[in-house]
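What the coordinates show
Letter by letter, the chains look like this.
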Amino acid sequence: MLSSKNKEKIYIKCIESIRSSSDSNKLKFISELLFEAFHSWIFCGFYFQDNNKLILSEYSAEKIPCSPIEFDGVCGTAILNNKILNIEDINTFPGHIVCDENSKSELCIPFEISDIKYVLDVDSNNYNAFCKIDDKYLKEIIKEI
Ligand code: SME
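The structure reproduced in this document is the subject of the present report. Since the model is a prediction, treat every value here as computed from it, not as a measurement.

**Considerations on the pairing of strand β4 (residues 105–113)**
With seven of nine residues buried, β4 is to be regarded as a mostly interior element. Bridge count for strand β3 (residues 85–87) against β4 is three bridges, and the pairing is antiparallel. By the bridge assignment, Asn-86 is partnered in β4 with Leu-107. Hairpin remark: β4 followed by strand β5 (residues 116–124), antiparallel, with two residues in the connecting loop; positive phi at Ser-114, about 45°.

Here it is in structure tokens:
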């Protein structure tokens, strides 16, 4: 597992790259950058709300993820409650939607762009992979979109 210090260092580098990038597709750039930076991540991507479904936007992943998905999963619950959801062990979340059976923990951060509801979703192949450091830096990264 990464130490808090190393995790922060990686995020700070990523934020510098995002700020200096001229790539107009921010969602694609961010999902690829973070996926490559964190080796235990097996999915990093964005879903957006379309009526009663969530549709996958840009992403990087080890396996082809599911889309569209229903609102009873981790992503949908984060959007419905407008709250960050950090699931330390995905087996404890009854509605969890399995896109990759190697996923052990998941972090979902909801946000809005031009009245469209999005969620940044990241999955790890380790239990308990995410903490307040991830919340803090991923929220900062979302501000750059
Ligand atoms: N596990 C999510 C589905 C999306 S994938 O993890 C890529 C959920 O329960 O909503």
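**Here we look at the layout of surface pockets**
Reported here for the largest pocket is a volume of approximately 270 Å³. Looking at the largest pocket, it is lined by 18 residues, and the ones nearest its centre are Met-1, Leu-2, Lys-7, Ser-40 and Ala-129. Elements with a contribution of two residues or more to the lining of the largest pocket: α1 (4–20) and α4 (132–143). Class assignment of the residues belonging to the lining of the largest pocket gives a composition of 10 nonpolar, six polar and two charged.

**Some remarks on the site of the ligand**
Neighbouring residues of the ligand: Phe-43, Tyr-47, Ile-69, Gly-73, Val-74, Cys-75, His-96, Ile-97, Cys-99, Glu-106, Asp-121 and Asp-123. Here Cys-75 contributes a backbone N or O atom positioned 3.0 Å from an oxygen atom of the ligand. Here Asp-121 contributes a side-chain N or O atom positioned 3.4 Å from an oxygen atom of the ligand. Contact with the protein chains covers 99% of the free accessible surface of the ligand, which is 310 Å². In a pocket analysis with a 2 Å cut-off to the grid points, the ligand is assigned to the largest cavity. Looking at the shell around the ligand, the elements that each hand over two or more residues are β1 (41–50), α3 (74–81) and β5.

**Section: the sheet that holds β5**
Two pairing modes exist for strands in a sheet, parallel and antiparallel, and in both the strands are linked by backbone hydrogen bonds. Taken together, the five strands give an open sheet; going across it, the order is β2-β1-β5-β4-β3, and neighbouring strands pair in antiparallel fashion. Both edges of this open sheet fall to β2 (53–61) and β3, since each of them pairs with a single strand only. Across the sheet, the mean angle from the axis of one strand to that of its neighbour is 20°, orientation sign disregarded. Most of the contacts of α4 go to β4, to which it runs at about 30°, and overall it touches β1, β4 and β5.

**What to know about empty space enclosed by the protein**
Considering all chains together, one arrives at one cavity of 30 Å³ or more under this definition. In this structure, the largest cavity occupies an estimated 190 Å³ of space. What lines the largest cavity is a set of 18 residues, and nearest its centre among them are Ile-97, Cys-99, Glu-106, Asp-121 and Asp-123. Elements represented by at least two residues in the lining of the largest cavity include exactly β1, α3 and β5. By residue number, the principal contributor to the lining of the largest cavity is β1, which donates three residues. Here the residues of the lining of the largest cavity are counted per class, giving 10 nonpolar, three polar and five charged.

What counts, and at which threshold
- Residues numbered from 1 in each chain as written.
- Predicted model: local features only at pLDDT ≥ 70, side-chain atom pairs only at ≥ 80, totals over all residues.
- Heavy atoms only, no water.
- Buried < 20%, exposed > 50% of the residue type's maximum accessible area, 1.4 Å probe, protein only.
- Helix = DSSP H or I, 4+ residues; strand = E, 2+ residues; numbered from the N terminus.
- Pairing = 2+ DSSP bridges.
- 1 Å grid on protein atoms, 1.4 Å probe; cavity = no way out; pocket = protein on both sides within 12 Å on 5 of 7 lines; lining within 4 Å.
- Points joined across faces, edges and corners; volume = space filled by probe spheres on them.
- Nonpolar A, V, L, I, M, F, W, Y, C, P; charged D, E, K, R; others polar.
- Near = heavy atom within 4 Å.
- Polar contact = N/O pair within 3.5 Å; in protein donor to acceptor, adjacent residues only side chain to side chain.
- Areas by Shrake-Rupley, 256 points an atom, 1.4 Å probe, with all protein chains shown as cover.
- Sits in = over half its atoms within 2 Å of the grid points.
- Axes fitted to C-alpha atoms, helices over the stretch in contact; angles between N-to-C directions.
- Contact = heavy atoms within 4.5 Å.

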